[in-house]
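Coordinate inspection notes
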Amino acid sequence: LVTIVDNTEGLQIALLFIVAIVVVSLLSRTLRSTELRAKRVTFDDTALRFLQTCESSGTLRIIANHPDERSSREYLLKEREEREASNIPGGTPVLFLEVTVADASEFAPTVRVTGQEIGEFKILRAVGASVPNAIAAVLLAIRDQTGCRPHIYFGWTEGNPLKYLARFIFFGEGDIAPVTHEVLRKAEPDPNRRPAIHVG
């Protein structure tokens, strides 16, 4: 302790190394945040059955949802809100997509999608390393599985964008729509084949 107080050069060098490591780690995580972070996407039988909607209608409309109580009322209100905000035609079937972050430090996990019905509502549930990356991976897998170009609908995120950026970098959550769009843009250069994103 006396040596550190008398000669602080060693402490300064150690602090410099710590700051450098933190800055490089954050920079690396930020730069890699828009990469498609999934080895592959798997669908269970129920989820595959839900995707058959695309074959009959030619379009697959998906509402991104942050699950709360997971009740029929929650999905009813969310569907009404998105149909009104994004002009989704009445009577057009919609699916819900919910992503849970299991381990934000895992870079390229297999994204497993399961289907569940709650009342009259059909929900695709996925587990991934981050919400936008998992959504992008699921949308691309749906396109490849069905041949349909999926349309996904998000609500506006209210609040400070810097706060959401920090939440995304540290926890894999945040302002989901723009990050999902950027992941898709990098993964699929052709806009005509890229899943469509709507924010209302």
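This text goes with the structure placed above it.
So, how was this worked out
Along every chain, residues carry numbers that run from 1 in the direction the sequence is written. Only residues with pLDDT of 70 or above have their local features reported here, since the model is predicted, and side-chain atom pairs are shown and tallied only from 80 upward, although totals for entire chains, interfaces and linings are computed over all residues. In computing side-chain values, all of the structure's heavy atoms are included and hydrogens and water are not. Pairing of aromatic side chains requires ring centres within 6.5 Å, counting the rings of Phe and Tyr and the six-membered ring of Trp. Pairs whose planes differ by under 30 degrees are stacked, by over 60 edge-to-face, and all others tilted. Put simply, DSSP H or I for four residues or longer makes a helix, DSSP E for two residues or longer makes a strand, and each gets a number counted from the N terminus. Exposure is judged per residue with a 1.4 Å probe applied to protein chains only, and the accessible area is read against the type maximum: over 50% gives exposed, under 20% gives buried, and values in between give partly exposed. One fewer than the residue count of a helix, multiplied by 1.5 Å, yields its expected span. Summarising the geometry, the arc corresponds to the directions from the helix axis toward the C-beta atoms. Whether two residues are in contact is decided by their heavy atoms, any of which lying within 4.5 Å being enough. Here, nonpolar core means buried Ala, Val, Leu, Ile, Met, Phe, Trp, Tyr and Cys residues that are tied together by side-chain atoms lying within 4.5 Å of each other. A pair of strands is treated as paired once DSSP finds two or more bridges between them. Every axis corresponds to a line fitted to the C-alpha atoms, with the helix fit spanning only the stretch in contact, and the corresponding angles, defined between N-to-C directions, vary from 0 to 180 degrees. In what follows, roughly perpendicular refers to angles from 65 to 115 degrees, roughly parallel to angles under 35, roughly antiparallel to angles over 145, and oblique to any angle outside these ranges. Here a crossing is called left-handed whenever its near helix is offset anticlockwise from the far helix by less than a right angle, and right-handed whenever the offset is clockwise.

A few points about the packing of aromatic side chains
For any pair of aromatic rings, the description rests on two quantities: the centre-to-centre distance and the angle between the ring planes. Evaluated as defined, the whole model comprises three aromatic pairs. Where tyrosine 75 meets phenylalanine 121, the ring centres are 6.2 Å apart and the plane angle is 35 degrees; that geometry is what we call tilted. Here the residue tyrosine 75 occupies a position in helix α5 (residues 72-86), and phenylalanine 121 occupies one in strand β5 (residues 121-128), the gap between them amounting to 46 residues. Like tyrosine 75, the residue phenylalanine 121 is buried in the burial classification. With a centroid separation of 6.1 Å and 75 degrees between ring planes, the pair formed by phenylalanine 96 and phenylalanine 121 is classed as edge-to-face. Of the two residues, phenylalanine 96 sits in strand β3 (residues 94-101) while phenylalanine 121 sits in strand β5, which places them 25 residues apart along the sequence. The buried category is assigned to phenylalanine 96, whose relative accessible area is 0%. Members of the aromatic cluster, each reached through a chain of ring pairs, are Tyr75, Phe96 and Phe121.

What about α5?
Taking 1.5 Å per residue, 15 residues should reach 21 Å; α5 reaches 21 Å between its end C-alpha atoms and fits that length. Every buried residue of α5 is accounted for by Glu74, Tyr75, Lys78, Glu79, Glu82, Arg83 and Ser86. The buried residues of α5 all sit within an arc of 155 degrees when viewed along its axis, so they share a single face. Along α5, the residues that are exposed and aim more than 90 degrees away from the buried face are Arg73, Arg80 and Glu84. Looking at the buried positions of α5, the neighbouring elements they touch are β2 (61-64), β3, β4 (111-118), β5 and β6 (151-154). Just downstream of α5 lies asparagine 87, where phi reads positive at about 55 degrees.

Regarding the environment of proline 93
Note on placement: proline 93 falls in the loop between α5 and β3. Between the C-alpha atom of proline 93 and that of leucine 60, which follows or precedes it by 33 residues, the distance is 8.0 Å. Apart from the residues lying within four places of it in its own chain, the contact partners of proline 93 are Thr53 and Arg61.

Digging into the nonpolar core
Counting residues in each nonpolar core, the largest one holds 34 residues, and the members touching the most others are Leu124 and Ile135. Secondary structure elements with two or more residues in this core: α3 (45-51), β2, β3, β4, β5, α6 (131-146), β6 and α8 (176-187). No other element matches the 10 residues that α6 contributes to this core.

Focus: the sheet that holds strand β1 (residues 41-43)
Hydrogen bonds between backbone atoms are what pair the strands of a sheet, whose relative direction is either parallel or antiparallel. Strand order in the open sheet formed by seven strands is β1-β4-β5-β3-β2-β6-β7, and the pairing between neighbours is mixed. The open sheet terminates on both sides in strands that have one partner only, identified here as β1 and β7 (196-199). Between one strand axis and the next, the sheet turns through 30 degrees on average, direction left out of account. Alignment of β6 against β7, held across four bridges, turns out to be parallel. Bridge assignment links isoleucine 152 to a residue of β7, and that residue is isoleucine 197. Contacting β1, β2, β3, β4, β5 and β6, α6 runs over the sheet at an angle of about 65 degrees to β1.

Here's the deal with α6
Taking 1.5 Å per residue as the helical rise, α6 with its 16 residues ought to reach 22 Å, and the 22 Å between its terminal C-alpha atoms agrees with that figure. A large share of α6 lies buried, amounting to 13 of its 16 residues. Remark: glycine 147 follows α6 within two positions and exhibits a positive phi of approximately 85 degrees.

Describing the pairing of β6
Here β6 shows a buried face lined by His151 and Tyr153 and a second buried face lined by Ile152 and Phe154. Pairing geometry for β2 and β6, over three bridges, is parallel. Paired with isoleucine 63 across the bridge in β6 is tyrosine 153.

Comments concerning the packing of α6 against α8
It is at 8 Å that the axes of α6 and α8 come closest, and there the two elements cross at 50 degrees. When the axis of α6 is compared with that of α8, the two are oblique. In the packing of α6 onto α8, the handedness of the crossing is right-handed. Between α6 and α8, the residues in contact are Val131, Pro132, Asn133, Ile135, Ala136, Leu139 and Leu140 and Ile176, Val179, Thr180, Val183, Leu184 and Ala187, respectively.

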